[in-house]
Amino acid sequence: MLRTKTDELSAQVRRTLVATLYAQPSSLAIGAFNGIASSAIAAWVAGVPELYAGCILLTVIAIARVFAAFELATKERAISTRKLELVWEIGAFSYALILGVITALTIVHQTATAVQVLMVANAVCYGVGICARDAGRPGIAFGQLVLVFAPLMAAALVIGTIPFITLFVTMALLIPAMWSITLSVYKILQNSIAAAENSARMADSMRDLARTDVVTGLANRAGLNHAMVESMMAIEPGAHAAVFWVDLDRFKEVNDLLGHPAGDQVLCEVGQRLREVAPEGSTVARFGGDEFVLYCPIEGRKHAEMLASEIHIEIMRPVRLDNSRLDVRASVGVALMPEDAEDIDTLMQRADVALYHAKVAGRSQTSFYAPSMNRHLVRRREIEGELRAALLRDELSIFFQPLVDLETGKIRAFEALVRWFHPEKGEMRPDEFIPVAEESGVIVTLGNWITAQAARTAAQWPEHVSVAVNLSPLQIRAPGAALGIRNALREAGLDPKRLELEVTESLFIEDNHSTAEFIDELASIGVRFALDDFGTGYSSLGYINSFPFSKIKIDRSFVSGPNVGKKSEAIIRAVAEMGSTLDMEIVAEGIETPEQVKLMREAGCTLGQGYHFSRPVPDYLAAMLLAQEADEGVPVRKAS
């Protein structure tokens, strides 16, 4: 490898040195004009036919050489080093030899002294000057020196007079002196160029490192930005491009459970798969963490949709980690140019907005940017800000909906439900602000507040009545989640056995070690757990058996939804029978009519919840319902 790099550097230095021959074609033209003029004057004054012939030949060579120098100087990058060198050698050696011969002829024919001085001075100056000009290629410089001096020295020996013998000796001594000077200049040039090339390579290497992600070998943010800028500068009017912003779903759990080396392996594999599906001319970058960006030319929206589909297919292929297999999912946001944006920054922003909507919509899917997304995002951010303020201004309230024993009609528990009465916009729907709270992380603060308020209220009820609180998966996974629940119970003075925490099936789809620790710690002090909305997610008997659930709540869609029928009744009966076997209570949600009460009781459900019994009510009305039941012995609504 080292030798290869050295050879590449030597070749580059040689190329640069050869290029110096063509660096100043104007100086070559001046020298050629001087040689032509001198030889023409010598031929005209001496009147020797051989000198005329030599002048004509020198003129042809000089003109051809100057033309070639100007022509090749503009095309130098497209021509091989050897060809450039060969063309120069032919012209230089021919010119030097003819110039030397003409000078020798003026001596042999014993032309006028002035003519001889003119040509000897011209030849010597050319030989000395060319050693400096062509020092980048010492062989070429020395070859010209010898070819221009040799005929002149031979002529001096032929004449044989003391002055010419002295001239011969002088030129003989000049040759090694000029060779030594030429080599010195060459070495200085070579070392300087080599150092410059090496510095340039190091600079290029450092620049590449600065633009490359060290884990995946893909471009990083700086590399992506550079590639996009270059692409935008070269893009043709009307051309299409797209940004695919990819976010791996639940990647943090890979690092937490399997370690960072395994996480890095997954990132490398995903990066390689994106490279494989990327069209020619694309840039694939790791944008940071578990996010990737693919920027590429496209033919249109259909092409982008096809690429998005290929990205999902490739990423969803299982990743092999040693002897295990890992399923990877991703959310993708896509923005197109010029449909969605006309500059890089806007294109990236809109791909990010599209990714946000893909994650909000349930993850593991693709969202293409639409203008309405901006309005939706602005609205969600507005709700987030107002929700944080609402927590500080006590605009939130807790309402309670009873869970009723289907046999006796007595209240067994209340479910705590948060309500938000905005001072200007009125009541805000939970399905509008709860998702925003989950996405922004406010759900942790909100969930702790709900638990504390519900526990404080429940502490005033009869001991046989418990309170149920819904928990978000984000709240459960937050640091110190179990401690927050314990503190709420202690401050309220509520027996842990009277608190029931409702969790949804999605918690176990995204299971990790912290979830099990949370449930085990609180179950150990008596807190009970209920599985909420059973049947709407990826129901599994595995986690029902693994965790200490005391209650299963059948989703309202099986009780009072539009698809209620024999199949839903059969499912309810099966779940109720399972609950009876496992000593779990079964709650039927969404009961609205006496007929539904009868059907759910006959199916084996033990508790009911819904508008038939009561809507969610403030804490003082919940207390009134309990007081009325205690004083009069009258159920909330008779379970007929």
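Coordinates for the structure precede this section.
Procedures and definitions
- Along each chain, the written sequence defines residue order, and numbers are assigned to residues from 1.
- Residue-level local features of this predicted model are given only where pLDDT is at least 70; pairs of side-chain atoms are given and counted only at 80 or more, and the full residue set underlies all totals for whole chains, interfaces and linings.
- As a convention, hydrogens and water are excluded, and side-chain values are obtained from all of the structure's heavy atoms.
- For this analysis, a nonpolar core means a set of buried residues of the types Ala, Val, Leu, Ile, Met, Phe, Trp, Tyr and Cys, connected via side-chain atoms within 4.5 Å.
- Each residue's exposure class comes from its accessible area (1.4 Å probe, protein chains only) as a fraction of the maximum for that residue type: buried when under 20%, exposed when over 50%, partly exposed otherwise.
- Labels follow the DSSP assignment, with helices taken as runs of H or I lasting at least four residues and strands as runs of E lasting at least two, numbered in each case from the N terminus.
- The contact criterion used is simple: two residues touch if any of their non-hydrogen atoms lie within 4.5 Å.
- Pairing between strands is defined by DSSP: at least two bridges between the two strands are required.
- Each Phe, Tyr or Trp ring (for Trp, its six-membered ring) is paired with any other whose centre lies within 6.5 Å, and the angle between the two planes then decides the class: stacked below 30 degrees, edge-to-face above 60, tilted in between.
- Only residues whose relative accessible area exceeds 30% and that form no salt bridge are eligible for patches; like-charged ones are grouped when within 9 Å, while nonpolar side chains (Val, Leu, Ile, Met, Phe, Trp, Tyr) are grouped when within 5 Å.
- Here the accessible surface of atoms and residues is derived via Shrake-Rupley with a 1.4 Å probe, and residues count as covered only by protein chains that are part of the display.
- One speaks of a salt bridge when a side-chain nitrogen belonging to Lys or Arg is within 4 Å of a carboxyl oxygen belonging to Asp or Glu.
- An axis is simply a line fitted to the C-alpha atoms; with a helix, the fit covers only the stretch in contact. Between two such axes, the angle follows the N-to-C directions and lies from 0 to 180 degrees.
- Helix crossings fall into two classes, left-handed where the near helix is turned counterclockwise from the far one by less than a right angle and right-handed where it is turned clockwise.
- Amino acids are sorted into nonpolar (Ala, Val, Leu, Ile, Met, Phe, Trp, Tyr, Cys and Pro), charged (Asp, Glu, Lys and Arg) and polar (every other residue, Gly among them).

1. Quick notes on the nonpolar core
Stage number 1. Counting 71 residues, the largest nonpolar core has Phe 400, Leu 446, Trp 461, Val 467, Leu 501, Phe 518 and Ile 552 as its most contacted members.
Stage number 2. If one sorts the elements of this core by residue count, helix 15 (residues 442-458) sits on top with seven residues.
Stage number 3. Beyond its immediate chain neighbours, meaning those up to four positions away, Leu 446 contacts Leu 391, Leu 396, Val 418, Phe 433, Ile 434 and Ala 437.
Stage number 4. Membership of the second largest hydrophobic core comes to 41 residues, among which are Leu 28, Ala 104, Ile 107 and Val 115.

2. Quick word on the side chain of Thr 283
Stage number 1. Structurally, the position occupied by Thr 283 is in strand 2 (residues 283-288).
Stage number 2. Taking relative accessible area as the criterion, Thr 283 reaches 14% and is therefore assigned buried.
Stage number 3. The contact partners of Thr 283, leaving out residues within four places of it in the chain, are Ala 219, Leu 224, Ala 227, Val 293, Leu 294 and Tyr 295.

3. Let's talk about the pairing of strand 13 (residues 528-534)
Stage number 1. Counted residue by residue, strand 13 has five buried out of seven residues, so it is predominantly covered.
Stage number 2. Sheet topology places strand 12 (residues 499-504) next to strand 13; five bridges connect them, and they run parallel. Considered in strand 13, the bridge of Leu 501 is made with Phe 529.
Stage number 3. In this structure, strand 13 lies alongside strand 14 (residues 549-554), joined through four bridges in parallel fashion. Counterpart to Leu 531 in the pairing with strand 14 is Ile 552.

4. Re the packing of aromatic side chains
Stage number 1. All told, the structure shown has nine aromatic pairs when counted by the stated rule.
Stage number 2. A centroid spacing of 5.3 Å and a plane angle of 85° characterise the contact between Phe 400 and Trp 461, whose relative ring orientation is edge-to-face. Within this pair, whereas Phe 400 is found in strand 8 (residues 396-405), its partner Trp 461 is found in the loop between helix 15 and strand 11 (466-470), the two being separated by 61 residues in sequence. A single burial state applies to Phe 400 and to Trp 461, both of which are buried.
Stage number 3. Plain terms: the ring middles of Phe 414 and Trp 461 are 4.9 Å apart, the flat faces sit at 45° to each other, and that makes the pair tilted. Taken together, the residues span a long stretch of sequence, with Phe 414 in strand 9 (residues 411-422) and Trp 461 in the loop between helix 15 and strand 11 at a distance of 47 residues.
Stage number 4. Note on Trp 461: relative accessible area 6%, which makes it buried.

5. Here's the deal with a nonpolar patch on the surface
Stage number 1. A cluster of nonpolar side chains, contributed by Ile 41, Trp 44, Val 45, Tyr 52 and Leu 118, occupies part of the molecular surface with about 510 Å² of accessible area.
Stage number 2. Residue position: Val 45 is located in helix 2 (residues 25-46).

6. Brief notes about the packing of helix 10 (residues 260-277) against helix 11 (residues 301-316)
Stage number 1. At a minimum axis separation of 10 Å, helix 10 and helix 11 run at an interaxial angle of 145°. Helix-helix and strand crossings are classified by hand; for helix 10 and helix 11 the assignment is right-handed. Between helix 10, through Val 270, Arg 273, Leu 274, Glu 276 and Val 277, and helix 11, the contact on the second element is made entirely by Leu 307, Glu 310, Ile 311, Glu 314 and Ile 315.
Stage number 2. Residues that form the contact of helix 10 with helix 11 fall into these classes: six nonpolar, no polar and four charged.

7. Examining the pattern of salt bridges
Stage number 1. Evaluated as defined, the whole model comprises 19 salt bridges.
Stage number 2. In this structure, Lys 359 engages Asp 247 in a salt bridge whose closest nitrogen and oxygen atoms are separated by 3.2 Å. Of this pair, Lys 359 sits in helix 12 (residues 344-360) while Asp 247 is found in strand 1 (residues 240-248), placing the two residues 112 residues apart along the sequence.
Stage number 3. The partner of Glu 500 in a salt bridge is Lys 551, with the nearest N and O atoms 2.8 Å apart. Separated by 51 residues along the polypeptide, Glu 500 in strand 12 and Lys 551 in strand 14 bring together distant segments of the chain. Each of the two residues, Glu 500 as well as Lys 551, counts as buried.

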